[in-house]
Amino acid sequence: MAQMRESLQQRGVSTAWLTLDSADNDVTRFLSGLEAAAAQLGLERSREQPRDVLALLAAEQAPFALFLDDFEVLREGVVMGVVRDLIEHLPRNGQLVIGSRSLPELGLGRLRARGQLLELSTELLRFTPEETAEFFKLRGAELSLDALDRAHGKTEGWVAALWLLALALQRHGTPSEVVARLSASDRDVADYLTEEVLGQQDLDVRDFLMRTSVLRHLSPPICQALLPHTDCEAMLRRLERGNVFLIPVEAAPDLYRYHSLFADFLRKWLARERPDEVARLHLAASGWYEEQGRHVPAIDHALEGGDHPHALHLLELHAHALLEQGRMRLLDKWFTSIPAELLGARPLMQVIALWASCLSQGPWTAMQALESSACASSQNPLVQAHVRALRPVLLAMMDHYEEAHEAGRQSLAQLPSGNAFIDSVSLNAMAHIVSVSGERQEALRFLEDARNSQGGSAFNRMYTETVEGMLDIREGRLQQAAARFRMAIASSSTAATYNYAHGNAWAGVPYAAVLYETNDLAAAERLLNVYLPLARDVGLPDHMISSHRMRSRIAFERGDVDAAIQTLIELDYLGRQRKLPRVTASAKLERARLLALQGHAAAAREELQRANDPTAWGTSPLQPRPAHDVDDLFIARVRVELHVGNAADLVAPLEEQIGLAQKAEHRHRALKLRLLLALTLFQSGATGAALDLAVPVLQEASREGYVRLLLDEGNIASLMLRRLQGSTTIEATQDPIFRDYLQRLIDLLGPGPTEDVPPAGASSDATAELLTRKEIRVLQLIAEGYSNTAMAEKLFVSDSTVRTHLRNINTKLNCHSRTQAMAIARRLGIIH
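Residues numbered from 1 in each chain as written. Predicted model: local features only at pLDDT ≥ 70, side-chain atom pairs only at ≥ 80, totals over all residues. Heavy atoms only, no water.

K.L.:
What is the right way to look at the packing of helix α39 (residues 687–704) against helix α43 (residues 736–749) in this model?
P.N.:
Two packed helices can be described by the angle between their axes and the distance between those axes. Orientation of α39 relative to α43, taken along the N-to-C sense of each, is 95°, at an axis distance of 10 Å. The angle between the axes of α39 and α43 places the two elements in the roughly perpendicular class. Where α39 approaches α43, its residues Val-695, Leu-698, Gln-699, Ala-701 and Ser-702 are matched on the opposing element by Phe-738, Tyr-741, Leu-742 and Leu-745. Of the residues belonging to the contact of α39 with α43, the class tally is seven nonpolar, two polar and no charged. (Axes fitted to C-alpha atoms, helices over the stretch in contact; angles between N-to-C directions. Helix = DSSP H or I, 4+ residues; strand = E, 2+ residues; numbered from the N terminus. Parallel < 35°, antiparallel > 145°, perpendicular 65-115°, else oblique. Contact = heavy atoms within 4.5 Å. Nonpolar A, V, L, I, M, F, W, Y, C, P; charged D, E, K, R; others polar.)

K.L.:
It is not clear to me how the confidence of the model for the protein should be interpreted in this structure. Could you clarify?
P.N.:
Here the protein averages 84 in pLDDT, while 89% of its residues score no lower than 70. The weakest mean pLDDT in the protein belongs to helix α44 (residues 764–770) at 52; the strongest belongs to helix α16 (residues 278–291) at 96. Low confidence marks residues 494–503, where pLDDT is under 50. Its contacts with residues over four positions away, or in another chain, come to 21 contacts. When the criterion is pLDDT under 50, residues 754–767 qualifies, and its contacts beyond four places in sequence or with other chains add up to 17 contacts. (pLDDT = per-residue confidence, 0-100.)

K.L.:
Is there a simple way to think about the side chain of Gln-657 in this case?
P.N.:
Mapped onto the secondary structure, Gln-657 falls in helix α37 (residues 651–663). Note on Gln-657: relative accessible area 18%, which makes it buried. Those residues in contact with Gln-657, other than ones at most four positions away along the chain, are Phe-634, Arg-669 and Leu-673. (Buried < 20%, exposed > 50% of the residue type's maximum accessible area, 1.4 Å probe, protein only.)

K.L.:
Hey, could you run me through the pattern of salt bridges in this one?
P.N.:
Opposite charge on two side chains lets them pair, provided their charged atoms get close. Within this structure, the stated rule accounts for 57 salt bridges. Residues Asp-207 and Arg-274 are paired through a salt bridge, measuring 2.5 Å at the closest nitrogen-oxygen approach. Remark: Arg-274 occurs in the loop between α15 (260–273) and α16 and Asp-207 occurs in helix α12 (residues 203–211); sequence separation between them is 67 residues. Judged by relative accessible area, Asp-207 falls into the partly exposed class, the value being 21%. Of the charged contacts in the structure, one is a salt bridge between Glu-465 and Arg-451, with a shortest N-O distance of 3.2 Å. Taken together, the residues Glu-465 in helix α27 (residues 458–474) and Arg-451 in helix α26 (residues 440–453) connect sequence positions 14 residues apart. With a relative accessible area of 25%, Arg-451 lands in the partly exposed category. (Salt bridge = Lys/Arg side-chain N within 4 Å of Asp/Glu carboxyl O.)

K.L.:
Please explain the pairing of strand β3 (residues 94–98) as it appears in this structure.
P.N.:
Regular strands show a simple pattern: their side chains alternate between the two faces of the sheet. When strand β2 (residues 64–69) meets β3, the two strands line up parallel, connected through five bridges. Opposite Ala-65, over in β3, you have Gln-95 as the bridge partner. Tracing the backbone out of β2, into helix α4 (residues 77–88) and back to the parallel element β3 gives a crossover that is right-handed. (Pairing = 2+ DSSP bridges. Right-handed = clockwise from strand over helix to strand, strands pointing away.)

K.L.:
Sorry, what's going on with helix α25 (residues 420–436) here?
P.N.:
With 17 residues, α25 extends 25 Å from end C-alpha to end C-alpha; this agrees with the ideal 24 Å at 1.5 Å per step. The buried count for α25 comes to 16 of 17 residues, which makes it a mostly enclosed element. Here α25 starts with a cap whose side-chain oxygen sits 3.0 Å from the backbone nitrogen of Phe-421, and that cap is Asn-419. Of the residues trailing α25, Gly-438 is marked for its positive phi of about 90°. (Expected span 1.5 Å × (residues − 1). Polar contact = N/O pair within 3.5 Å; in protein donor to acceptor, adjacent residues only side chain to side chain.)

K.L.:
Before we go on, may I ask you to explain the pairing of β2 in this structure?
P.N.:
Of all six residues that make up β2, six are buried, and the element is covered over most of its length. Residues of β2 alternate between two faces, with Phe-64, Leu-66 and Leu-68 on one and Ala-65, Phe-67 and Asp-69 on the opposite face, all of them buried.

Here it is, written out as structure tokens:
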């Protein structure tokens, strides 16, 4: 409203502002306020009609705008009649601007029909994710993409909560921890809701809000089941008009939900004020949902109401259908809520609980539970079939592929089992297992059989498309893989009420990898915010490695070395905790890459040596696992020598590896190895041979849209591509699409380490003078290997200040990363 007033005043429109309070329900006082507002507009009242302020406003010909703020305090009928009269007789150039927490009784429907009403609703006033990011930036709080997503998700764009969160950030400073703690129990939020929202409601409204807080969605019938003596339809309409944090559910008439923070606050209030009613309300809701045939909320409310036997009865009716839909985390949540003695008497429910546990908590927990349960010895044929199908999945997830292969063969020998889910999941699991060992044709045959037997199982559709998408990636078909992963995610998200945001890491992580490869880093990071925690919880080794490596590289690309290193430390810890040496070794490989890119030769080689653990890489190094197709020990060694050594001695081994990859039809790996060979030749001085080899590599990469394949090789790739751009080799290439692709890569890589980056005519001294003493000191600390946090401690400043220095350095030196800044600073003699 203040912005609108300022805008009108700049256009020469007279304005007046009247802030109302409860005393303005007295009509005499209200009219006096209007007179004062008219005086602000410069209007003169007639002596014959000293109180006729309405006529005075109606007769005004010049443009004006009258602002009435806090309008919700007006309840007196006579005063509301005065306002309606004012609206009815507004002159053509007059505007009335009302700010209110609730919809006023002013005949708005008639005004809408006439086209005389402009409404800025709660939905329009709610901040978008982009506006949330801009808000925190203006408040001096730089939040990561993950923290921003969580802040916006918790507050739903409610500006008051965002303001309170910004204040908390100023007090406490660590964004991720403050956002994680934000809830309706936060003192600032609770005080605001108590004083500013509930304090303005009548007792019957408060009672309704408290009792219906147990519901995730509100409709007149379900509310009526909880409050049979209340006119719930009228109450919901009243709350909607009153704007009491009641949000309509899209595409569902007469269905609402409370704002998430408000709902949390109300539930805590109910538990504190009326603890004896909580179970009764939940059970009433469960009964209503069961009558309506809606088993998911019926089970939810039965469990929350403490009726575990009835919840288990409902699960026996519906658990298998939910298993086929892939609702693993939901099933796991339910089964872990049910006492073990109740579940132990039902082997079929136990084995379904094991599937859910495997794909939610990880294979180790599920394997331990399987060995100690009655499922393994059950005589029920269906339970036995489930156990046979589950074992190879568990073993593969534990990285025990040889044992998984044997268990999978035993499971397949018992097919068909008479159960479509079991048959399809067995075939999908075996397709994944044999694809890892390089048996491509057999994997494709298993996948085709899985498709034919999957029936309506959304989980198995996802599984099939994901495994084949991973085969596509291995064979260099990036675009086809992307389509399969999108289909896999869609098959999960559209099944029943399956929520994409809760997704599953099986398809989500490889799809994030495709987006990362195409250099859509923002989209990849958003997917990782959802799927990396799931991959970590479930414990899929290749997915854990890929997701952490991507997150580390994205952080490094943006200059946040601390976050990049922290991500790899977490990966290392996960590998040790779960006794997965390949995961631990992968963290060391990526650390070696980061060190090499920063010019730390000895440290990079030391990390490589530590990663060379025979137990990590298996007995068949010629068949790299999915996460290591282009990031194994050999490729890591080539990278280190390219950046901080001499890779000339690796030409012959590279050629041998290329031959092996091509023979195995691992086109993705072969493409990366051919690029590394071209870079090796370029580094060794064989420029002509390097460029001749680079052109077909780039042409193949451009057809599929590979970008990070080249960008991740850093400055040496930049130098080779720039040399290629100005060479006779490229002049013979007439393809304009290829030329555009080459230019895009060069632009993304930025200036190479030996290019002249200062403006024409500028000296090195002049460029150095552009940097402040503090910025030069930051460059020196980077050269010494300091992280952002270590620099902040050394310089006695905040992490945010260090990042500001780094951005200024990149701007002044015309570079895009710490590595480029270091190379340019050394060339200019700024540091040595």
